[in-house]
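# A structural walkthrough
Chain residues, written in single-letter form:
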Amino acid sequence: YDYSDRSVQHAGYAAVAYAAANLFGGMLAWIQYLLYHRPATNTVLPDDLAGQQYLEHTPLITAIVVGFSIIIAAISGVFGFFIFRRRRFAIVAMLVLVIVLQLYTWFVAHSSTGTLVSIIVVAFLLRGAKRMFQDYAEQKMEREKV
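Small disclaimer: the values here were computed from a predicted structure and weren't measured.

### Concerning the overall build of the protein
Summing up its helical and strand segments, the protein has five helices and zero strands in all. Listed N to C, the secondary structure of the protein is α-α-α-α-α in terms of helices and strands. Residue pairs at least 24 apart in sequence account for 70% of intrachain contacts in the protein once pairs closer than 6 positions are excluded. With the model as given, the accessible surface of the protein reaches about 9,800 Å², and the carbon-plus-sulfur share is 68%.

The structure is reproduced here in structure tokens:
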């Protein structure tokens, strides 16, 4: 095994970073809820903007966003753990997770949020997957020779 190639480790780090980014997004949603849920009187925000923000950051919506970000972070963390242990299913599942979530963001939510992060994470995951599957093929060939 070529220990100088750290592409599998980098894929694991990318999965953990994706988990951290989701936790950070959930934390930002919670902070927005705290800021906008009860707008104070005599603020610098125009009343219509404050009212709109109040409606967008309801307790239910905030709980859903924070809950999903925690769930996605937990799943990404588990996949990251198994990527470090060189499990092929984990890297494929992490790729599917990141791509499906980004497609949902683009086509259902009509937003470009997280596109750069997703592209970077997918690039690291693809590079790690390539190395992981190459190693598996080499090990399989070695077993067949014996």
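Having seen the structure, we can now continue with the description.
### Comments concerning the nonpolar core
One finds Y18, I83, I91, M94, V98, V121 and L125 to be the most contacted residues of the largest nonpolar core, which totals 19 residues. Those elements giving two or more residues to this core turn out to be α1 (7-36), α3 (59-84), α4 (88-107) and α5 (115-145). When residues in this core are grouped by element, the largest group, six residues, is from α4. When sequence neighbours within four positions are dropped, the list of residues in contact with M94 reads A15, Y18, S76, F79, I83 and L125.

### Quick word on the packing of α3 against α4
It is the contact of α3 with α4, at a shortest axis distance of 8 Å, that shows an interaxial angle of 150°. Relative to α4, the element α3 is oriented roughly antiparallel. Considering the relative orientation of α3 and α4, their crossing is left-handed. Of the residues in α4, those touching α3 at I72, I75, S76, F79, F82 and I83 are F89, A90, I91, A93, M94, L97 and L101.

### Overview of the pattern of salt bridges
Counted by the stated rule, this structure contains four salt bridges. For D135, the salt bridge identified is with R86, shortest N-O distance 2.3 Å. In this pair, D135 sits in helix α5 while R86 sits in the loop between α3 and α4, placing the two residues 49 residues apart along the sequence. Given a relative accessible area of 31%, R86 falls into the partly exposed group.

### Considering a nonpolar patch on the surface
The grouping of F24, M27, L28, W30, I31, L34 and L35 at the surface amounts to a nonpolar patch, some 700 Å² of accessible area in total. Along the polypeptide, L28 turns up in helix α1. Owing to a relative accessible area of 38%, L28 belongs among the partly exposed residues under this scheme.

### Observations regarding α1
When the terminal C-alpha atoms of α1 are compared, their 43 Å separation across 30 residues agrees well with the 44 Å that a helix rising 1.5 Å per residue should span. Looking only at α1, the buried set comprises S7, V8, A11, G12, A14, A15, Y18, A19, N22, G26, A29 and Y33. Next to the buried residues of α1 lie α3, α4 and α5.

### Topic: the packing of aromatic side chains
Throughout the structure, instances matching the rule amount to four aromatic pairs. Aromatic pair F81 and F82: ring centres 5.3 Å apart, planes at 75°, arrangement edge-to-face. Ring plane angle 50° and centroid distance 5.6 Å describe the contact between F82 and F89, whose orientation is recorded as tilted. A relative accessible area of 28% places F82 in the partly exposed class. A network of ring pairs unites the aromatic residues F81, F82 and F89 as a single cluster.

### Things to note about the packing of α1 against α3
The interhelical angle for the contact between α1 and α3, taken along N-to-C directions, is 170°, at an axis separation of 8 Å. With respect to α3, the axis of α1 lies roughly antiparallel. Relative to α3, α1 is oriented so that their crossing is left-handed. Looking at the contact of α1 with α3 residue by residue, the class counts come to 19 nonpolar, nine polar and no charged.

Reading the values: rules and limits
- Residues numbered from 1 in each chain as written.
- Predicted model: local features only at pLDDT ≥ 70, side-chain atom pairs only at ≥ 80, totals over all residues.
- Heavy atoms only, no water.
- Helix = DSSP H or I, 4+ residues; strand = E, 2+ residues; numbered from the N terminus.
- Contact = heavy atoms within 4.5 Å.
- Areas by Shrake-Rupley, 256 points an atom, 1.4 Å probe, with all protein chains shown as cover.
- Core = buried A, V, L, I, M, F, W, Y, C linked by side-chain atoms within 4.5 Å.
- Buried < 20%, exposed > 50% of the residue type's maximum accessible area, 1.4 Å probe, protein only.
- Axes fitted to C-alpha atoms, helices over the stretch in contact; angles between N-to-C directions.
- Parallel < 35°, antiparallel > 145°, perpendicular 65-115°, else oblique.
- Left-handed = near helix turned anticlockwise from the far one by under 90°.
- Salt bridge = Lys/Arg side-chain N within 4 Å of Asp/Glu carboxyl O.
- Patch = residues over 30% accessible without salt bridge, like charges linked within 9 Å, V, L, I, M, F, W, Y side chains within 5 Å.
- Expected span 1.5 Å × (residues − 1).
- Phe/Tyr/Trp six-rings, centres within 6.5 Å; stacked < 30°, edge-to-face > 60°.
- Nonpolar A, V, L, I, M, F, W, Y, C, P; charged D, E, K, R; others polar.

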